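# Coordinates in review
What follows is each chain in one-letter form.
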Amino acid sequence: QGSALGYARESTSVFEREMTVKRARPGKRSGDIVIENTRGHTWTVSVEPTLYRKWLDALLSAQNRDLERFYRLRRTIGSGAFSTVMECEDKIDTSRRFAVKIIQKKRFEMHHIDMFRREVKVHMSARHRGVVSIVDVFETEDLMHIVQEMMTSDLFEMLTEEVSFPEPH
């Protein structure tokens, strides 16, 4: 049941829904897609014929996402009240290293999980050399994995080398 936290945006959408996809399959009528989340709720959505294949492929891809299919966990970098951070490497290009923040969802109330999701959504839209980029996000019923670029030095070293970070133009 590996699945991903996904954000779908279409300019012609009637609504926007955020969910962890457990299963997606074609519906009974042409253009329909049946989506089931990890809580067992199902929705049938109707998609324009020109976008149907794109949406179905994206949802099928989301239901089969599992961190360990793409990354190999290495060592623990640190831990705190909200998460544990581990180093991981790309399984295809092992020279690419990342930091993965692992959040145990059962330790938090639902409004905290929603707060983490909003934080990820905002963070993914930020593009600045002073902000660590989010590379990937995976979510199961129990865990949220946030894969981020690995910092090459610590924050104190960066701040003592450069006093300010210029705004992008």
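The notes below deal with the structure included here.

So, on to the sheet that holds strand β6 (residues 84–90). Sheet strands line up and pair through hydrogen bonds in the backbone, either parallel or antiparallel. The five strands lie next to each other as β5-β6-β7-β9-β8, forming an open sheet whose pairing is antiparallel. The open sheet terminates on both sides in strands that have one partner only, identified here as β5 (71–79) and β8 (134–139). Strand after strand, the sheet turns through a mean of 25° between neighbouring axes, direction not considered. Looking at chain direction, β8 and strand β9 (residues 143–149) are connected through five bridges and run antiparallel. Paired with phenylalanine 138 across the bridge in β9 is histidine 145.

Looking now at the side chain of aspartate 90. Looking at the secondary structure, you find aspartate 90 in strand β6. A residue is classified by how much of its surface remains accessible, and aspartate 90, at 13% relative accessible area, is buried. For aspartate 90, the side chain forms a polar contact with the main-chain nitrogen of aspartate 93, separated by 3.1 Å. Residue contacts for aspartate 90: discarding those within four places in its chain leaves Phe70, Tyr71, Arg96 and Phe98.

Further remarks concern the pattern of salt bridges. Within this structure, the stated rule accounts for 13 salt bridges. One salt bridge in this structure joins arginine 53 and aspartate 57, with 2.9 Å as the shortest N-O distance. With arginine 53 and aspartate 57 both in helix α1 (residues 49–63), this residue pair falls four residues apart, about one helical turn. Three or more residues joined by partner-sharing salt bridges are found here, namely Arg72, Arg74, Arg75, Glu87, Glu89 and Arg97.

Let us look at the packing of aromatic side chains. Going through the model one piece at a time under the given rule, you end up with six aromatic pairs. Measuring from centroid to centroid gives 5.3 Å for phenylalanine 108 and phenylalanine 116, while their planes differ by 85°, and the two rings are edge-to-face. Note on accessibility: phenylalanine 108 and phenylalanine 116 belong to one class, buried. Here a set of aromatic residues connected by ring pairs shows up, and it is made of Phe70, Tyr71, Phe98 and Phe138.

Further remarks concern the nonpolar core. Residues Val21, Ala24, Ile33, Ile35, Val45, Val47, Leu51, Tyr52, Leu56, Leu59 and Ala62 constitute the largest nonpolar core, which totals 11 residues. Looking at which element gives the most residues to this core, the answer is α1, with five residues. The residues touching leucine 56, leaving out its near neighbours within four places in the chain, are Arg25, Pro26 and Ile33.

Residues spaced three or four apart along an α-helix face the same direction, because each turn holds 3.6 residues. The end-to-end C-alpha distance of helix α3 (residues 110–125) is 23 Å, a good match for the 22 Å that 16 residues give at a rise of 1.5 Å each. Taken residue by residue, α3 has Ile113, Phe116, Arg117, Val120 and His123 as its buried positions. Down the axis of α3, the buried set is contained in an arc of 130°. They therefore lie on one face. Exposed side chains of α3 directed beyond 90 degrees from the buried face belong to Arg118, Val122 and Ser125.

What follows covers the pairing of β6. Put simply, side chains in a regular strand alternate between the two faces of the sheet. For β6, the buried fraction is high: five of the seven residues fall into the buried class. Here β5 folds back onto β6 in antiparallel fashion, the turn holding four residues. The hairpin turn running from β6 into strand β7 (residues 97–104), its antiparallel successor, is six residues long.

Criteria and thresholds
- Residues numbered from 1 in each chain as written.
- Predicted model: local features only at pLDDT ≥ 70, side-chain atom pairs only at ≥ 80, totals over all residues.
- Heavy atoms only, no water.
- Pairing = 2+ DSSP bridges.
- Helix = DSSP H or I, 4+ residues; strand = E, 2+ residues; numbered from the N terminus.
- Axes fitted to C-alpha atoms, helices over the stretch in contact; angles between N-to-C directions.
- Buried < 20%, exposed > 50% of the residue type's maximum accessible area, 1.4 Å probe, protein only.
- Polar contact = N/O pair within 3.5 Å; in protein donor to acceptor, adjacent residues only side chain to side chain.
- Contact = heavy atoms within 4.5 Å.
- Salt bridge = Lys/Arg side-chain N within 4 Å of Asp/Glu carboxyl O.
- Phe/Tyr/Trp six-rings, centres within 6.5 Å; stacked < 30°, edge-to-face > 60°.
- Core = buried A, V, L, I, M, F, W, Y, C linked by side-chain atoms within 4.5 Å.
- Expected span 1.5 Å × (residues − 1).
- Arc of directions from axis to C-beta.

So yeah, pure geometry; function would need other evidence.
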